[in-house]
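Each chain, written out:
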Amino acid sequence: MILGGLHRYNEAAAILENIIENGTPHHFNWNNLANIYKGLGLFEEAERHYLTAIELSGDNDIAYNNYLSFCHYIPHYPKEKILKLYKDWEARYAKNTAQIGHSVTALNADKTLRIGMISDGFRTHPVGQMITSALEEIPPHEIEIYAYSTNLSEDAVTQRIKNLSTKWMTVVHLDEQELARQLVEDKIDILFDLCGHNSGSYMRTMAMKPAPILVKWVGGLINTTGLSTMDYLLSDKIETPEGEDEFYTEKLIRMPDDYICYNSPIYTPDIQAPPARYNGYITLGCFNNPTKLNPVLLKQWARIMHSLPDSRLFLKGFQFSSETLTNNTKALLLEQGIGEERVIIEGPSYHEDLLKAYNKIDIALDPWPYSGGLTTCEAMYMGVPVVTLPGPTFAGRHSATHLTNAGMPQLVAEDWDQYHDIVLALASDLDNLANIRTHLRSALLESPVCDAQRFARNFSNAMRAIWQRHCEGKEPAALSLDKEGNACFSDEAEPVQLQLPPEPIEIEDDDFHFRFSGKIVTLDNGAGLCSSPAFAGLHKLGALSTICLDPAGRLTNAQQLQHTGDFHYVPMTVLGDGALKTLFITADINQTGTLHPHPSRAEQVLTTVPAQSIKLDEISTPEPLDWLVFDDNNSLMEAMEHGQSTLQNALFVQVKLSFNNQSLLLLGQAEQCLANLGYEFYGFTNQTSISCAELPLNTTKTIASKIRNIDAIFLKNSEELGKLDENRKMKLAFLSHSVFNFCDLCYLTLDSISKDLADNYLVDNKIKEKKQQNAIDLPTAPAMTPKERELFQKYISRCKRYFEFGSGGSSVVAKEHGLTVYGVESDKNWVDKLKEHLGDDFKVEHVDIGPTGEWGYPTSKDEEKFPHYSRSIFNHKDHFDLILVDGRFRVACTISSIMHTLKASPSPYATKIFIHDFWNRSQYHKTLEFLDEIERVESAGVFKIKKNIKEECLHLVWKEYSTNPQ
């Protein structure tokens, strides 16, 4: 269909008609001819040929799918009939398709959800432009995206989707059964179809039910899918008003705002004054797919034009490269009394030029019954109001939801008379049109239609709600979210109490950061750990979720610990076999326990009281136990005997030993028991001693040589440690460093995650010196975490002019993307080394701030030189569209970046400022007075400049921080 692709419709139709008349009939010929007639707006001929193609097609559903889409363009086509057509698809084409029997994924309500998405549009396409920015904002500890592309085309949007995805896979080579097996193998929890019955469709795969929950979202989303296996359809209250549920085979998820999140283009064409100002007449326009134009619609538009006698109608679309279609459209308008001189028709153009063409129209007219979607957002982006009348199906309400959620509900008509009157009211007030044109882009970008963070939060809440319902064994039900993001099912009175995974924890030790998800679950049997002086500081870090069993009442600050962190206190209880125990109360509370005191201390027993014991395996924790601490006053072996399952998963087991004649026996027993569970004895720590003799009072030394007690540490053996995932390894590293001071173990554990991470640990903790610049290896990536690097890669890939405060791996990455690297660096030796490796494209300047130490930190107090560092960006006349702030003087550098951008850039709000180690360092948050957050990952943030900033305020902050090297 080359001629059809070139829009030479008449020639293509003639060839196909000849083939049909003289050759062997084949359903492809009838289907292709129907597509030609549809493109020409000849709906009766198109329908007739589609139906013939369907009858000839057998099990091939291409013609049927095309017909389903086609029905939405026909005025007054009953939605009841359309619903039946969708249901009939399953009966006709999936009748022999058996459900594959998806894998039973773990039914944990608070698990990280694995969401699969199948799409033909992971690129610059309505799908890519309506989902990407929102998916980028979803917390990865809540949802992991698995993207399956049914298209080989890739561009910048594709790269963004790859960056946010846990898994990316092109599946064009897989048939329906093979794709279903792949999805089962990947253990997808919730599967999204982003194709529908349109291009790239895998509807038969959906009919196989390859995941526990199936959801329909954008991409061929013009109506129900008709599939009995499709559980939900993601919508909103305007796309699917109350009372429309019966026309969907899916249960509707109604988002609180728009059902999509528009991602505006990277280019921002200037918005000009309404053309009526200089034309002297109103220009109406529509840049939608010309197939959406029909006689009913053109009659209403002609009526408007008769009410505006001097008006013009500007139509633009790629199909208008067909002379036949252009002439047919003009002929239809002429029948309504609109002369050819009043109609402007243009064919395709580059997207940026298409956006600029909106400067030629005053008011956009939305088609009916199939409305605009992306086109409406683009019109608003260019300041042009769009007037719409909602159609009878999902396809007809796109504009209504976008306009309403952008704050323009007054442009949504209830009937054709109101549609007419809205257009005339706009056309009669050029001052109002000019005001709308000035503010509509900002209103759109600041509305829920473009609020990626808000959409991501609501999306995540909706997915968590339907997942929890599935875990409870309930059938799908309609779900609505309110403006606060509360999710409520139609058959339940109260909102769902969402069970989200714990947020990742970040602990900073000097300049090194331990990052892991979920808290370190700790059980302290006997309160020996929790009553120690070191525990309070450890507790304040917020990294632990602690259960303290305190049979003796040793802990005096339990209430305070409960108020300041995740702390669960259980008095008068000890690990054991579940039976009551005798608690021996002694004069020294630290000796009180359920073990009968040693004969040498028997006289210290004051009384006995009962205490409850609990089996270790009966203690429920939200995550596996990480750190188990046993004291020496209660039965170790009894606790272990009834804790075999729990002990399988712990990272560290810590056993306190009091050195009496039973200690070595107890140590041997514990070692044997734990060895059977994959542990090995690692070493001793926390030795306390007593003096065996009284010394003269005037001695200058405290001598205590007799060991009183010591802690034995058991750790999983190397084979078991190798099975740990990255998150638990990071927990192990944190405990090794922060609790036990096992720096070598911490290093080895970090090294199993990343060599760079382990080396940074040694340098940051001054265990080894940072390499001198004349001996340093060229870095291959910025000194960031893997996810922060992905964020940097995402924005550097879109950049044309780049500047960096602080050079290194970021410079290498920028050079790899073909950029000239401008910037500033305080270490001349480092600049020379990088220039030697990177060549002439490395144009970073050395700014002398005096002698520097590690990480370029100034070691002198010669503050007169300091301001030159942050002001170096002003040595450049031209603006930059990406600025990295990752060196010294970060607040001052950020402020200078803002001032330079406002002065040098024609579009200052398009510039992105990337600041590393931002969210974990509150001293940098002063800059938030002047920045709006675009995106954050761990400690890194990407920002744009706020509007209406006062220059004098910027200067005052810069002056305050220009000599502060932090």
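The structure under discussion appears in the preceding block.
Residues numbered from 1 in each chain as written. Predicted model: local features only at pLDDT ≥ 70, side-chain atom pairs only at ≥ 80, totals over all residues. Heavy atoms only, no water.

A. Geometry of the sheet that holds strand β18 (residues 544–550). Taken together, seven strands build an open sheet; the order of strands is β19-β18-β17-β23-β24-β26-β25 and the sheet is mixed. For this open sheet the edge positions go to β19 (567–571) and β25 (679–690), each flanked by a neighbour on one side alone. Strand-to-strand twist across the sheet, computed as the mean angle between neighbouring axes with direction ignored, equals 15 degrees. Across seven bridges, the pairing between strand β24 (residues 652–658) and strand β26 (residues 706–716) is antiparallel. Across the sheet, Ser 658 pairs through a bridge with Asn 709, a residue of β26. The strands touched by helix α20 (residues 533–540) within the sheet are β18, β19 and β23 (627–630), with β18 carrying the most contacts at an inclination of about 145 degrees. (Pairing = 2+ DSSP bridges. Helix = DSSP H or I, 4+ residues; strand = E, 2+ residues; numbered from the N terminus. Axes fitted to C-alpha atoms, helices over the stretch in contact; angles between N-to-C directions. Contact = heavy atoms within 4.5 Å.)

B. Structural view of the packing of aromatic side chains. A full pass over the atoms with the stated rule returns 39 aromatic pairs. For the pair Tyr 50 and Tyr 67, a centre-to-centre distance of 6.2 Å together with 55 degrees between the ring planes defines the contact as tilted. With Tyr 50 in helix α4 (residues 43–56) and Tyr 67 in helix α5 (residues 62–71), this pair connects stretches of sequence that are 17 residues apart. For Tyr 50, a relative accessible area of 0% puts it in the buried group. The exposure class assigned to Tyr 67 is buried, which follows from its relative accessible area of 3%. (Phe/Tyr/Trp six-rings, centres within 6.5 Å; stacked < 30°, edge-to-face > 60°. Buried < 20%, exposed > 50% of the residue type's maximum accessible area, 1.4 Å probe, protein only.)

C. Representation of the sheet that holds strand β12 (residues 386–387) within the structure. Within the open sheet, the five strands sit side by side as β10-β9-β8-β11-β12. Their pairing is parallel. The open sheet has two edge strands with one neighbour each: β10 (343–346) and β12. Looking at chain direction, strand β11 (residues 363–365) and β12 are connected through two bridges and run parallel. Following the sheet pairing, Ala 364 is matched in β12 by Val 386.

D. Structural context of the state of the cysteines. Enumeration over the complete set of coordinates arrives at zero disulfides. Looking at Cys 261, it has no disulfide partner, and the nearest cysteine sulfur is the one in Cys 450, 6.3 Å off. (Disulfide = S-S within 2.5 Å.)

E. Examining a nonpolar patch on the surface more closely. The grouping of Phe 659, Leu 664 and Ile 707 at the surface amounts to a nonpolar patch, some 280 Å² of accessible area in total. Mapped onto the elements, Phe 659 comes out in the loop between β24 and α24 (663–675). The exposure class assigned to Phe 659 is partly exposed, which follows from its relative accessible area of 38%. (Patch = residues over 30% accessible without salt bridge, like charges linked within 9 Å, V, L, I, M, F, W, Y side chains within 5 Å. Areas by Shrake-Rupley, 256 points an atom, 1.4 Å probe, with all protein chains shown as cover. Salt bridge = Lys/Arg side-chain N within 4 Å of Asp/Glu carboxyl O.)

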